[in-house]
Amino acid sequence: MAVRMRTYYDKAYKGKKKDFLNLLKERIDSGRRTFVVTANPEIFMLGRKLPEMNEALSDEETLIVPDGIGVIRGGKQLGYEFEERIPGVEICEELFAYADQKGRSLYLFGAEKSVLEDLAARVRREYPNAVLAGCTDGYVQDKEKVFREIVEMQPDIVLVALGAPKQELLIHRYYRRGEKGVFIGVGGSFDVLSGRKKRAPSFFIRHNLEWLYRIASEPKRLKRFWDSNIKFLFELRKEKHGNR
């Protein structure tokens, strides 16, 4: 029997972005280990397909936030209401600023080497009081070894940009081995944060049309959009009417 989307929606964070960010800051200050999934329809579909991904999403300690507007609109079909989107790229920006304010440590893992170098340079330049504990690009051969070493270092913030489901599975597999740290899978956010790619213009952001801007900018995303977002809506409709 397929996993019900309600399993993920029941535990997803539905409040305001500012309140969620405050929650993360409190957890950083208290040293409480935290795993955040920035969810879009693809993430939920992967949960239905992969048992280990489902385990990660269903874990009572995992925090799920609605990164994609598809998650919010899809939730309405099942009767769930969200205050607003909480994009992973905006979480990263806020945590950079908080690390700078409080002198907290962070580790960057993922993306191409040149992208990571640009992002690390930006962090050092714009957030000089943040402690950059280290950074490793996403093309290293033994990612699990690297991640175990990151956990042993115990940075306050760990941002992982390996794409779904690799980043979520890696975090869920190992993050509890450390004593503290906020761990977040952030997908392609390093490309934007480094300045290598532009985020959608404010019009698209305000009207929840970033997905359209990305498809227009990168037409190759269209198949991926179909395989995740469109099929996701079909699955929600079936679940709403009692077919799993």
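Residues numbered from 1 in each chain as written. Predicted model: local features only at pLDDT ≥ 70, side-chain atom pairs only at ≥ 80, totals over all residues. Heavy atoms only, no water.

A. Up close: the packing of helix α2 (residues 17–30) against helix α6 (residues 88–102). Interhelical geometry of α2 versus α6 gives an angle of 45 degrees and a closest axis separation of 11 Å. As summarised for this structure, α2 and α6 are arranged oblique, according to the angle between their axes. When you trace α2 past α6, the crossing you get is right-handed. Residues Lys 17, Phe 20, Leu 21, Leu 24, Lys 25, Ile 28 and Asp 29 of α2 form the contact with α6, whose participating residues are Glu 90, Ile 91, Glu 94, Leu 95 and Tyr 98. Here the contact of α2 with α6 is built from residues that sort into seven nonpolar, no polar and five charged. (Axes fitted to C-alpha atoms, helices over the stretch in contact; angles between N-to-C directions. Helix = DSSP H or I, 4+ residues; strand = E, 2+ residues; numbered from the N terminus. Parallel < 35°, antiparallel > 145°, perpendicular 65-115°, else oblique. Left-handed = near helix turned anticlockwise from the far one by under 90°. Contact = heavy atoms within 4.5 Å. Nonpolar A, V, L, I, M, F, W, Y, C, P; charged D, E, K, R; others polar.)

B. Spatial organisation of the side chain of Thr 38. Within the secondary structure, Thr 38 sits in strand β1 (residues 34–39). From its side chain, Thr 38 meets the backbone oxygen of Gly 185 in a polar contact 2.9 Å long. Leaving out residues up to four positions away in the same chain, Thr 38 has contacts with Ile 43, Val 65, Asp 67, Gly 88, Ile 91, Ile 184, Gly 185 and Val 186. (Polar contact = N/O pair within 3.5 Å; in protein donor to acceptor, adjacent residues only side chain to side chain.)

C. Structural detail: the pattern of salt bridges. By the definition in use, this model includes 16 salt bridges. Residues Arg 48 and Glu 235 are paired through a salt bridge, measuring 2.6 Å at the closest nitrogen-oxygen approach. Linking Arg 48 in helix α3 (residues 41–49) with Glu 235 in helix α13 (residues 221–240), this pair joins segments that are 187 residues apart in sequence. Residue Arg 48 shares its accessibility class with Glu 235, and that shared class is buried. Each of Glu 93, Arg 122, Arg 125 and Glu 126 takes part in one network of salt bridges that share partners. (Salt bridge = Lys/Arg side-chain N within 4 Å of Asp/Glu carboxyl O. Buried < 20%, exposed > 50% of the residue type's maximum accessible area, 1.4 Å probe, protein only.)

D. Structural detail: helix α5 (residues 69–77). Among all positions in α5, only Ile 69, Gly 70, Val 71, Ile 72, Gly 74 and Gly 75 are buried. Once α5 ends, the next one or two residues include Gly 79, with phi positive near 90 degrees.

E. How the structure looks around the sheet that holds strand β6 (residues 182–185). Read from one edge to the other, the open sheet built from six strands follows the order β2-β1-β6-β5-β3-β4, with strand pairing classed as parallel. Every other strand in the sheet has two partners, leaving β2 (62–66) and β4 (131–136) as the edge strands with one partner each. If you compare each strand with its neighbour and ignore which way they point, the axes differ by 20 degrees on average. Sheet topology note: the strand β5 (residues 157–161)/β6 ladder contains four bridges and is parallel. Pairing of Val 160 across the sheet is with Gly 185, part of β6. Helix-sheet contacts for helix α9 (residues 166–174) involve β1, β2, β3 (105–110), β5 and β6, and the interaxial angle to β6 is about 160 degrees. (Pairing = 2+ DSSP bridges.)

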